Amino acid sequence: MILTEESVKAIKERLKQYPQRKSVILPALTIAYRQVGHLSDEIYQEISRVTKVPYVEIAEAATFYTMFPKEPRGKYLIQVCHNISCALLGADSLIGYLEEKLGIKKGETTPDNLFTLISVECLGSCATAPMMQINYDFYENLTREKVDAILEELKAKA
Amino acid sequence: MSFYSPVITNAAEVARSESLHLFRYVEDPDQYKVETFEKHGGYEAWKKVVTSMKPDQVIAEVKNSGLRGRGGAGFPTGMKWGFVPKDSPKARYLICNADESEPGTCKDRVIMERDPHAVIEGMAIGAFAIGCHRMFIYIRGEFGHCIERMEGAVKEAYTRGHLGKNVYGSGYDLDMVVHSGGGAYICGEETALLNSLEGEKGLSRIRPPFPAIAGLYASPTIVNNVETLAAVPHIINRGADWYKTMGTEKSAGSKIFSLSGHVKRPGNYEVPLGFSLKTLIYDEKYGAGIRDGKKLKAVIPGGASTPFLTPDMVDVGLDYESLQSVGSMLGSGAIIVLDEDTCIVWTIMKLIHFFRHESCGKCTPCREGTGWLEQLVTRIEHGEGRPGDIDKIDDLCGNILGRTICPLGDAAVMPIQSAIKLFRDEWQYHIDHKKCPCPNNHEFK
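Residues numbered from 1 in each chain as written. Chains lettered and ligands numbered in written order. Predicted model: local features only at pLDDT ≥ 70, side-chain atom pairs only at ≥ 80, totals over all residues. Heavy atoms only, no water.

Draft legend 1. Inspection of the overall build of chain A at higher detail. What chain A contains, in helices and strands, is seven helices and four strands. C-alpha extents for chain A along the principal axes are approximately 50 × 30 × 20 Å. Expressed as a percentage of its 158 residues, the buried residues of chain A come to 59%. Long-range contacts, defined here as pairs at least 24 residues apart, represent 60% of the contacts in chain A between residues at least 6 apart. Within the structure as shown, chain A displays about 6,800 Å² of accessible surface, and the carbon and sulfur contribution to it stands at 50%. Side-chain charges of chain A comprise 19 positive and 21 negative groups, with the mean position of each set lying 6 Å from the other. (Helix = DSSP H or I, 4+ residues; strand = E, 2+ residues; numbered from the N terminus. Buried < 20%, exposed > 50% of the residue type's maximum accessible area, 1.4 Å probe, protein only. Contact = heavy atoms within 4.5 Å. Areas by Shrake-Rupley, 256 points an atom, 1.4 Å probe, with all protein chains shown as cover. Lys, Arg positive; Asp, Glu negative; His and termini not counted. Charge placed at Lys NZ, Arg CZ, Asp CG, Glu CD.)

This is the structure we're talking about:
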């Protein structure tokens, strides 16, 4: 089993909340993603066994959404919003700055597996642009100075 | 880092106001706690509704208030609730749409992070009005903090007896589920949201049947936006007539506007509907004018899917009818301000990229059309446009508009059509001179 006992228990708890079991697919995928950091066919199978929802229905849903990737990512997933409000305040140059600082291109992971850099669609921080999300935390009103400090802090924590 | 978004709000002004209400306590760091919320009068409306009112009375009050959906469509809320069949033997569902993801919109997130019980209370009242005993809030998956906040608030609400079996001894049972999405803009469209909540891909459904008749699990379902529901307890407490003292005749009440882009003070501001867009952009209390001494070039007044306004058009009221009269829409109330250095084609390139990425792929005009549009617009912006490209874009837009199941196709093309109408010379310049004429110096500091 890839899923821990804790994850299985959490999925079973969620299952109780829905009148129809299929509704648990997204919550279950979220629980699995939070534990493992990516999804896989094996994980779909395990979710299917736990929830009794057919594998194919789990795979079908998982591949539609952006938050259930199959590719492993770095410990810190940096997601920079590139939509209009952030772009007006320098999202493109923020991405360039991060590429330079991390020594990778957008879409890549640093060799030490610490950082993955991607750009994403609007994250609802339009009046605090530019912004990035790292794992589940939002970092807003970004400046070069702030980005430097955030990366240093994460490196020190890792 | 802070749990809260550091976004600027006009909470202090709202607290002084006799009528504005949504942002009254959002700067109080304890407002998310149930005790603080109760101390501020929270859950009184819910208690009144469930212990002393009939569902029809609740619907009538909300109908009379003139409250309209704040998610973008502006449909009258009370009327929507009234569509739920009274004699259906099926369970009914109320869903709060917290899939906030229209570029430029960042208001629901602030309500959920800072005043989550306001959302629960509004939902509870809506649920009672339609006879629902299990309500859902669908929060976009990326909003990890909001999800945590709402889950915490729901737990507290159960503990204090605001939710659960036999609420306040009324005999009414009400449960609430916090559901998180998986990252897809389309799930903010109510029928796609229903599919997503059922564990399906987020594809929109053909209407009819409307969700009020056959929605979640084919049962009568009402989907309302976060801000809409947060206004409901205030309407119950203070009455429909009070609510109508704000706003205009057809656009009653107040609304939160998310002001972003090239203003000095971007932020979330609650003002009465009908408030002047010009004041919101230029007044020191709000946007405080355009950054770096630049001039205004254009405004997108209602989120990424609404037509542009030029500087001569910004002396307009922020309400459904006034914005319609100048060819645009109130939408979600997301005002995006562009300074004179910004290229319109570049702006459209950013917008159409979003819609191409977020098209669910169900309807051919939208799936294929947004891709073609992105290619054409990108090549024009990069100085590779060909004669006839503008007309081709216009033609494509005409073949998407009104030809898709859900409004995403319309949303993608309306800003483009208006950008061509208002700034055709600028598009032509790109093609004739094979380059973009604008500085576009959007450096981050």
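Draft legend 2. Summary view of the nonpolar core. Ranked by size, the top nonpolar core spans 169 residues in total, and within it B:Trp46, B:Met135, B:Ile137 and B:Trp427 carry the most contacts. When near neighbours in sequence (up to four residues on either side) are disregarded, B:Trp427 contacts B:Ile344, B:Val345, B:Ile348, B:Val377, B:Ile380, B:Ile390, B:Ile393, B:Ala419 and B:Ile420. (Core = buried A, V, L, I, M, F, W, Y, C linked by side-chain atoms within 4.5 Å.)

Draft legend 3. Geometry of empty space enclosed by the protein. Counted by the stated rule, this structure contains four cavities of 30 Å³ or more. What the largest cavity holds in volume is close to 70 Å³. In this structure, the largest cavity is lined by B:Ile186, B:Ser204, B:Ser359, B:Cys360, B:Gly361, B:Lys362, B:Cys363, B:Cys366, B:Thr404, B:Cys406, B:Leu408 and B:Gly409. Partitioning the lining of the largest cavity into residue classes produces six nonpolar, five polar and one charged. In this structure, the second largest cavity occupies an estimated 40 Å³ of space. Lining the second largest cavity are A:Cys81, A:Asn83, A:Ile84, A:Ser85, A:Cys86, A:Cys122, A:Leu123, A:Gly124, A:Ser125, A:Cys126, B:Pro103 and B:Gly104. (1 Å grid on protein atoms, 1.4 Å probe; cavity = no way out; pocket = protein on both sides within 12 Å on 5 of 7 lines; lining within 4 Å. Points joined across faces, edges and corners; volume = space filled by probe spheres on them. Nonpolar A, V, L, I, M, F, W, Y, C, P; charged D, E, K, R; others polar.)

Draft legend 4. View of the state of the cysteines. Residues and elements named next belong to chain B. For the structure on display, the rule yields zero disulfides over all chains. With no disulfide of its own, Cys363 lies closest to Cys360 among cysteine sulfurs, the gap being 6.3 Å. By relative accessible area, which is 14% here, Cys363 ends up buried. No disulfide involves Cys397; its sulfur sits 12 Å from the nearest other cysteine sulfur, which is in Cys366. (Disulfide = S-S within 2.5 Å.)

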